[in-house]
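Breakdown of the fold
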Amino acid sequence: MGVVVRDARRLSPQAQEDLRRRAVAAVKAGHTQAAVSTMLGVSPQAVSRWVNAFDRKGVSQMVRC
């Protein structure tokens, strides 16, 4: 979990999906959204959006965030 992403928009779609899944998994494992955003190098708002999408619709909706 120690890999920092400089700009997730430059990642491939598959890598972006993996990043979202890792973020949601970390939050579900008990890490705070703030800590996850720092660990992954993304904004806290992005982590919040991904977790909320997952909670609403599951993995299929999270992929589209």
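Residues numbered from 1 in each chain as written. Predicted model: local features only at pLDDT ≥ 70, side-chain atom pairs only at ≥ 80, totals over all residues. Heavy atoms only, no water.

Description of the side chain of Ser 37
Tracing the backbone through its elements, the reader meets Ser 37 in helix H2 (residues 33–40). The residues contacting Ser 37, other than those within four sequence positions of it, are Val 42, Ser 43, Pro 44 and Val 47. (Helix = DSSP H or I, 4+ residues; strand = E, 2+ residues; numbered from the N terminus. Contact = heavy atoms within 4.5 Å.)

Regarding the packing of H2 against helix H3 (residues 44–57)
Between H2 and H3, whose axes approach to 8 Å, the crossing angle comes to 115°. The interaxial crossing formed by H2 with H3 has right-handed handedness. Facing H2, whose interface residues are Gln 33, Val 36 and Ser 37, H3 presents Pro 44, Val 47, Ser 48 and Val 51. Residues that form the contact of H2 with H3 fall into these classes: 4 nonpolar, 3 polar and no charged. (Axes fitted to C-alpha atoms, helices over the stretch in contact; angles between N-to-C directions. Left-handed = near helix turned anticlockwise from the far one by under 90°. Nonpolar A, V, L, I, M, F, W, Y, C, P; charged D, E, K, R; others polar.)

Brief notes about the environment of Ser 43
In this fold, Ser 43 is placed in the loop between H2 and H3. Along the primary structure Ser 43 and Gln 33 are separated by 10 residues, whereas in three dimensions their C-alpha atoms are 9.5 Å apart.

Re the environment of Glu 17
By the element assignment, Glu 17 lies in helix H1 (residues 13–28). Engagement of the side chain of Glu 17 in a polar contact is seen with the side chain of Arg 21, the distance being 2.6 Å. (Polar contact = N/O pair within 3.5 Å; in protein donor to acceptor, adjacent residues only side chain to side chain.)

Structural notes on the pattern of salt bridges
Here the structure, examined in full by the defined rule, presents 2 salt bridges. The residue Glu 17 makes a salt bridge to Arg 21 at a minimum N-O spacing of 2.6 Å. Of this pair, Glu 17 and Arg 21 both sit in helix H1, separated by 4 residues, roughly a single helical turn. Using a relative accessible area of 35% as the deciding quantity, one classes Arg 21 as partly exposed. Salt-bridge contacts for Asp 55 lead to Lys 28; the nearest nitrogen and oxygen are separated by 2.5 Å. Here the residue Asp 55 occupies a position in helix H3, and Lys 28 occupies one in helix H1, the gap between them amounting to 27 residues. (Salt bridge = Lys/Arg side-chain N within 4 Å of Asp/Glu carboxyl O. Buried < 20%, exposed > 50% of the residue type's maximum accessible area, 1.4 Å probe, protein only.)

On their own, these measurements won't tell you what the molecule is for.
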